[in-house]
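Analysis of the macromolecular model
Letter by letter, the chains look like this.
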Amino acid sequence: MKTDRQLLLRAANGDQSAFRALYLRYGKRLYGYFLLRVGGDREQAEDLKQQVFLRLLESRAFREAETGPEDISSLLFTIAANLLKNVYRSQERQQRREAAYRDIRRANDSTEEPRIESRRVALAIERLPEHQRLCVELRFRKGLSTEEVAEALNCAPGTVKSRLHYGLKKLAEILNATTIN
């Protein structure tokens, strides 16, 4: 049986069967690791497993395989842990953005003059850059999911999430500035 370094070295030299052997060696363990930590979401666990191997291809260990470790399991699971941290941070940011938007909506609903407040929010949304405004409107006014917005705008879901994040941040700044004035 070949060591991880031997397989990695062969894979770095273009041997697809060597990379496949590494994938088979660690794929199930990584999938199980992710499945447990993403609430049983099989699709997300599979996606994260794939990302680990993509990151491996981009890693220094792959580029310098001849001097790398004999066993790459700790490297793979470090990559996996970092990917999970990114997923958790992304989920937290999304929850904060959506909570901020709900707070804005609730504030609009509870004011004595909801039409004026609603108009103020609409004017603030119009001041957003177009790419952010479209994402905010499709996501929150039309109720589309992030994936549906991405499809409608012909861009990646990650791009939509980024535009929503910065758009809602800018929207809060605009609304706070108009409240102070």
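Before reading further, recall that the structure is shown in the block above.
What you are looking at is a predicted structure, and each value in this text was computed from that prediction instead of being measured. (Residues numbered from 1 in each chain as written. Predicted model: local features only at pLDDT ≥ 70, side-chain atom pairs only at ≥ 80, totals over all residues. Heavy atoms only, no water.)

**So, the overall build of the protein**
Broken down by element type, the protein carries nine helices and zero strands. Secondary structure elements in the protein, listed N-terminal to C-terminal, are α-α-α-α-α-α-α-α-α. The principal-axis extent of the C-alpha atoms belonging to the protein is close to 75 × 30 × 30 Å. Looking at the protein as a whole, 34% of its 181 residues qualify as buried. Across the protein, contacts joining residues at least 24 apart in sequence account for 59% of those joining residues at least 6 apart. (Helix = DSSP H or I, 4+ residues; strand = E, 2+ residues; numbered from the N terminus. Buried < 20%, exposed > 50% of the residue type's maximum accessible area, 1.4 Å probe, protein only. Contact = heavy atoms within 4.5 Å.)

**Considerations on the packing of helix H1 (residues 4-12) against helix H2 (residues 16-37)**
Two elements in contact, H1 and H2, have axes whose closest approach is 7 Å; the angle formed by their N-to-C orientations is 140°. With respect to their mutual orientation, H1 and H2 come out oblique. Helix-helix and strand crossings are classified by hand; for H1 and H2 the assignment is left-handed. Contact residues: Asp 4, Leu 7, Leu 8, Arg 10 and Ala 11 in H1; Ser 17, Ala 18, Phe 19, Ala 21, Leu 22, Arg 25 and Tyr 26 in H2. Partitioning the contact of H1 with H2 into residue classes produces eight nonpolar, one polar and three charged. (Axes fitted to C-alpha atoms, helices over the stretch in contact; angles between N-to-C directions. Parallel < 35°, antiparallel > 145°, perpendicular 65-115°, else oblique. Left-handed = near helix turned anticlockwise from the far one by under 90°. Nonpolar A, V, L, I, M, F, W, Y, C, P; charged D, E, K, R; others polar.)

**Looking at H2**
Its 22 residues give H2 an end-to-end C-alpha distance of 30 Å, which sits within 8% of 32 Å, the value for a rise of 1.5 Å per residue. A bend of about 40° at Tyr 26 is the largest found in H2. Restricting attention to buried positions, one finds in H2 the residues Ala 18, Phe 19, Leu 22, Tyr 26, Gly 27, Leu 30, Tyr 31, Tyr 33 and Phe 34. (Expected span 1.5 Å × (residues − 1). Bend = angle between axes of the 7 residues up to and from the residue.)

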